[in-house]
Amino acid sequence: MYYNNEISKIRQIKSNIGQLLKPFHDYICEMENNKNWILTQGSISIKNSAEKHLATIYHIGDKGIEEKFGQLIQWANKKRLTNNSNFKMGTIYYDSYKMTSADKVRKNAFFLLESPVKKDNTIIPKSIPSGKFIIANIELSVEEFSKAWRGLFNWMNENGFSKRDAPAFEIY
């Protein structure tokens, strides 16, 4: 009887920002399925990368992020940065969708630069320090982003790697 009460309590646990946690068995099965899925969708490698310079715009939640990317493109066009063949954008994530509701996830939309820029009314300069990174080359739909992230984190843990003490990011 005591054991059953403990299980029912575990199933009712909530994160600190209101996301309901899954039962452990379901979570493990989902993680294994995500890892297997990502291994069939593209390539995963480990590479050392030099410091990356970014022009960023801060955003909270999923709604409206496309406006931030639009602002970045307008800014980059004015500076003639989109003429570069290495034109890339991405997102830095400060929260996990697993623990934070989508409307509260903090992130930065960013434009990848060849050299640092100065802060202005819209743009906040940031950098990603050099280091070792998991590189996953995957073509996926918007609906598959979450599955890809979960699969990559599972792959990382199973292959003896750990997350650095820095926000996760993706480059498009």
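Parameters at a glance
- Residues numbered from 1 in each chain as written.
- Predicted model: local features only at pLDDT ≥ 70, side-chain atom pairs only at ≥ 80, totals over all residues.
- Heavy atoms only, no water.
- Helix = DSSP H or I, 4+ residues; strand = E, 2+ residues; numbered from the N terminus.
- Buried < 20%, exposed > 50% of the residue type's maximum accessible area, 1.4 Å probe, protein only.
- Polar contact = N/O pair within 3.5 Å; in protein donor to acceptor, adjacent residues only side chain to side chain.
- Contact = heavy atoms within 4.5 Å.
- Phe/Tyr/Trp six-rings, centres within 6.5 Å; stacked < 30°, edge-to-face > 60°.
- Pairing = 2+ DSSP bridges.
- Axes fitted to C-alpha atoms, helices over the stretch in contact; angles between N-to-C directions.

1. Here we look at the side chain of histidine 59
As for its position among the elements, histidine 59 is in strand 2 (residues 52–60). Of the residues examined, histidine 59 reaches a relative accessible area of 9% and is grouped as buried. For histidine 59, the side chain forms a polar contact with the main-chain oxygen of lysine 63, separated by 2.8 Å. Filtering out sequence-adjacent residues up to four positions away, histidine 59 remains in contact with Gly64, Ile65, Lys68, Val105, Arg106 and Lys107.

2. Some details on unusual backbone geometry
Comment: phi is negative for the bulk of residues other than glycine, and the bulk of peptide bonds are trans. Positive phi, close to 60°, is recorded for arginine 80, a residue that is not glycine. Relative to the elements of secondary structure, arginine 80 occurs in the loop between helix 3 (65–78) and strand 3 (89–93). Accessibility expressed as a relative area gives 66% for arginine 80, which makes it exposed.

3. Brief notes about the packing of aromatic side chains
Taken as a whole, this structure holds eight aromatic pairs when the rule is applied. Ring geometry for tryptophan 155 and phenylalanine 161: centres 6.0 Å apart, planes at 15°, overall stacked. For tryptophan 155, a relative accessible area of 13% puts it in the buried group. One aromatic cluster is present, formed by Tyr93, Tyr97, Trp149 and Phe153 through successive ring pairs.

4. Some words on the sheet that holds strand 2
Read across the sheet, five strands follow the order 5-2-4-3-7 without closing on themselves; strand pairing throughout is antiparallel. If you trace the sheet from one side to the other, it starts and ends with strand 5 (124–128) and strand 7 (168–171), each paired once. On average, each strand axis in the sheet is inclined to that of its neighbour by 35°, with strand direction left out of account. Here strand 2 runs beside strand 4 (residues 106–113); their pairing, made up of eight bridges, is antiparallel. Bridge pairing in strand 4 links histidine 53 to leucine 113.

None of this, on its own, says anything about what the molecule does.
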